[in-house]
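# Descriptive analysis of the structure
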Amino acid sequence: MNVVLAGVAAGSAAGFLRRYEAIRDRLPGDPQPRARAAASLERHGLPQRSAEAWKYTDLRRLWEGRFGEADASFDASALLRRVLDRAGLAFDGEEALPRLVFVDGTLSAGLSRLPQGCDCSGFGGIDVDAPVAHPMMALNAMLARDGAVIRVPAGLDACGLLLVTLGTGTVGAHLHHRVVLEEGARLSLLEVASGEGDYLNEGVFAFEVGRGAHVSHVRLQQDAPGALSFSTVRAHLAERSAYDGFNLALGAALARHEVHATLAGPNAIVHVNGAQLLADSQVADLTSVIAHDAPGCNSRQTVKNVLTGRARGVFQGRIVVARVAQKTDGYQMNQALLLSEQAEIDTKPELEIYADDVKCSHGATAGALDEEQLFYMRSRGVPLVEARAILVRAFLDDALALVEDETARAVLDRAVAAWWEGRSA
Amino acid sequence: MPAVAETLNTVESLTQSSYKWGFETDIEMDLAPKGLSEDTIRLISARKEEPDWLLAWRLKAYAAWQTMQAPGWGKIGHPPIDFQDVHYYAAPKKKPGPKSLDEVDPELLAVYEKLGIPLKERAMLAGVEVPDGGEADGRDGRPQIAVDAVFDSVSVATTFRSTLAKAGVIFCPISEAVREHPDLVRQYLGSVVPAADNFYAALNSAVFTDGSFVFIPKGVKCPMELSTYFRINAKNTGQFERTLIIAEDGASVSYLEGCTAPMRDENQLHAAVVELVAMDDASIKYSTVQNWYPGDANGKGGIYNFVTKRGACRGARSKISWTQVETGSAITWKYPSCILQGEGSVGEFYSVAVTNNHQQADTGTKMLHIGRNTRSTIVAKTISAGRSDSTYRGLVRVMPKASGARNFTQCDSLLIGDQCGAHTVPYIENRNMTAKTEHEATTSKISEDQLFYCRSRGLSEEDAVGMIVNGFCKDVLKELPMEFAVEAQKLLQVSLEGSVG
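Quick look at the structure, then. What you see is a predicted model, and the numbers here were worked out from it, not measured in a lab. (Residues numbered from 1 in each chain as written. Chains lettered and ligands numbered in written order. Predicted model: local features only at pLDDT ≥ 70, side-chain atom pairs only at ≥ 80, totals over all residues. Heavy atoms only, no water.)

### Considering the overall build of chain B
Per the secondary structure count, chain B includes 13 helices and 24 strands. The 501 residues of chain B split such that 63% are buried. Considering only intrachain contacts with a sequence separation of at least 6, the fraction spanning at least 24 residues in chain B is 84%. Accessible area of chain B: about 18200 Å², with a carbon and sulfur share of 49%. (Helix = DSSP H or I, 4+ residues; strand = E, 2+ residues; numbered from the N terminus. Buried < 20%, exposed > 50% of the residue type's maximum accessible area, 1.4 Å probe, protein only. Contact = heavy atoms within 4.5 Å. Areas by Shrake-Rupley, 256 points an atom, 1.4 Å probe, with all protein chains shown as cover.)

### Thoughts on the interface of chain A and chain B
How big an interface is tends to be stated in terms of accessible area lost as the parts join. Tallying the contact residues gives 35 residues for chain A and 31 residues for chain B. Approximately 2600 Å² of surface area, both sides summed, lies buried where chain A meets chain B, with 48% of it carried by carbon and sulfur atoms. Interface area lost by chain A to chain B is led by R323(A), D356(A) and H362(A), which between them contribute 20%. Taken together, chain A and chain B are joined by three salt bridges. A salt bridge links R431(B) to E344(A); the nearest nitrogen and oxygen atoms lie 3.1 Å apart. Those elements giving two or more residues to the side of chain A that touches chain B turn out to be β17 (344-353) and β18 (359-367) of chain A. Considering every element that reaches the side of chain A that touches chain B, the biggest residue donor is β17(A), with 10 residues. Grouping the constituent residues of the side of chain A that touches chain B by class yields 15 nonpolar, eight polar and 12 charged. (Buried area = accessible area lost by both parts, 1.4 Å probe. Salt bridge = Lys/Arg side-chain N within 4 Å of Asp/Glu carboxyl O. Nonpolar A, V, L, I, M, F, W, Y, C, P; charged D, E, K, R; others polar.)

### Structural notes on the packing of helix α3 (residues 52-66) of chain B against helix α9 (residues 199-207) of chain B
Residues and elements named next belong to chain B. At a closest axis distance of 7 Å, the pairing of α3 and α9 adopts a crossing angle of 145°. Taken as a pair, α3 and α9 cross one another with a handedness that is left-handed. Taken together, the residues of α9 that come into contact with α3 (itself represented by W57, R58, A61, Y62 and W65) are F199, A202, L203, S205, A206 and V207. Its residues assigned to classes, the contact of α3 with α9 comprises nine nonpolar, one polar and one charged. (Axes fitted to C-alpha atoms, helices over the stretch in contact; angles between N-to-C directions. Left-handed = near helix turned anticlockwise from the far one by under 90°.)

### Concerning the pairing of strand β20 (residues 375-385) of chain B
Residue and element names in this part refer to chain B. A large share of β20 lies buried, amounting to nine of its 11 residues. Note: strand β17 (residues 346-355) against β20, 10 bridges, orientation parallel. Looking across to β20, one finds that T355 is bridged to S384. (Pairing = 2+ DSSP bridges.)

### So, unusual backbone geometry
Note: most peptide bonds trans; most residues except glycine with negative phi. Unlike most non-glycine residues, A252(A) shows phi in positive territory, near 70°. Tracing the backbone shows A252(A) in the loop between β10 (242-249) and β11 (254-263). Although it is not a glycine, D281(B) adopts a positive phi angle of roughly 60°. Within the fold, D281(B) resides in the loop between β11 (273-278) and β12 (283-290). Given the relative accessible area of 39%, D281(B) is considered partly exposed.

Shown next, in the form of structure tokens:
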């Protein structure tokens, strides 16, 4: 994989469309939104870099769409154990978190431990009004045949829930998750994406956050080095609600995490924070579109990139403030540490503002480790390797400290430390 | 410098219609038939008595243009432009390129006097003889300015040519440069903005009619400021000027550009190309006060301003500095850029863009860091009022070899009223670990406290807003040559007229 076959037409979604034709009769739920998605992909294809939103992320490796079906007999328990071990999470026993485990695009009931209280009923299909103008959302609406459906009733604090997606071989997995928080509900979702092989891990999350509800969505993207990893989050926020997201991207050959948040009720809050730690020829992209559609809302983004080898980090952040969204407070910060001569960072923070009483700002910086700081530490007897580690860690801390959930925070800390050790070894 | 007197008057009579440069002049014109074809291009080239290579170059650009599409990425909206409904050549019916000012049509001189442009050298040299229309007092001791006046498609007068010639500086209409200095023009024309660079640059390359040519030889510091004043006058015409400025090793020049047009209901097209070349240790400072007719309060009429401006810092330690105050035009689409190729070269971009009523501006810059230790600074101030939309769009690209490159970018937007939009779209691409890029952007409104303070000191609301806006833009205005800075401040106030209260 990862080699474009000669003769594949630019932007062609033909491979995915063929797969849809082959399995469409077996896909659950309403066929209508799936057909709409297929029609949209047939007409527009997959984006090329000439499309503004995909300027920095080349989907060439996706064009041919050569991803296969899952092997239903595959036992993923050993793989899950390894993934959890690596994350410092318990596989079983008292300490094990309630979890939903998806292997190659389907729920594995045997590996999951369903949580109590909140309703995690089975996947019922794609929403009739699922948006299909976005290429990833269309791909998902066309092919997803499973996903988590989580409903947290009013006033309930559902605490922690672990969502694991495992990919293997050259399987193309498409998951469609739906998370609904009723008024005043709380949920802390920790997502771990991992696997083995040159697979495609593509998922869409639809969050519906009710009045005064709060959801934390922390992602650890540790997909296999040959994998393609795409996650697209749609979040709709009611009055005084909050979506607190964090994406730590470490894995995959090509990854894009995209968040579309709509602040629909007054005084809602959205955080799209993250860190991208990349080496070799990895590409990771964090793209966000935050629509302030109500007054008094607050959006915050702090994204850090540590790039080495020939890696490329991408940040595209767009804040759109509607006329009614007075007293908006929007903030974006994207920072990059370039640790090698061939690393690259591409940043595009965008403000689109139609209301006059707002406070919006963005900042972006890029550069190497500060020689003077390194010199200072070395002059105090700290070896170079350690001094670099301390500075990188300090650089990342601004972002990591924003993760409030302690379990999730510990998982991320561990993953960051392991990544750095792997680099400096 | 241009229009100081007029602007003063305008500010004094704020109740009247604010665009004071909107008069038409009835001058007998030599018009090419409407429409664009190879024949039109051959006709322009023939009228200009151009050499064959230039005609071939134009035709190549035209062929490229026909395969291109108007760019759609800007945040601007307008009905499709009918490129066949434009006269591509319009010249006052006198022999172009008069030998001295005495030969210039007195009616034309009157136009420029009305605009406040000093085309009379003696008046300036003596510093006492004030032309009609009232140059401001106290001009004694001010630096002299040489002016090239472009009226529709042709340059009608260029002042101070002999003084400049003594210093070795060439300052003349580009059509004349093609005849007098063909080797220089051929060497540099299209070397910074290639003929098929983009849709509007290709159009310009095919049909450009006039513009200024500046050549500053090795080691020469241009003895005075150079200025070109562009005036669109004829109906249904487009203006396509081309400016080429070359500063050889160690040379330096400061160049000013001003522009106005009559008030008309139809939209007129202006698609210019400016190319700057700076060799070792050379420096070029390019200042613009863009005041094309912006259309009326309902968004009717106004100039469509699609401009490609680019400077190449080819030599080591060379410097190109763009300063622009954009208050006019119905649509502004303009990104003065610097290609920082020479080691240690410096690019600067200082911009104030003001939009009111239904104006749309999508403007910014590109800084391409190619050489080692190149530096760039971007300061962009965007002010939106009325129902207008204003966008800063900029690119900072650090190439792998640009070790030690530095960029600092500051973009601030100010919104006046709740029917306008202000947008910021920076692109930052860094491919060198030793390079450092920094970008900051803010959006806010005029603070109630500041307004209240000014009001309590007896300022009218409009004056208070003008003062606060001028303060907001200070970082940019201070980069302008003095005469321009005065005019720009007044212009800001006039442009925002009617936006408060």
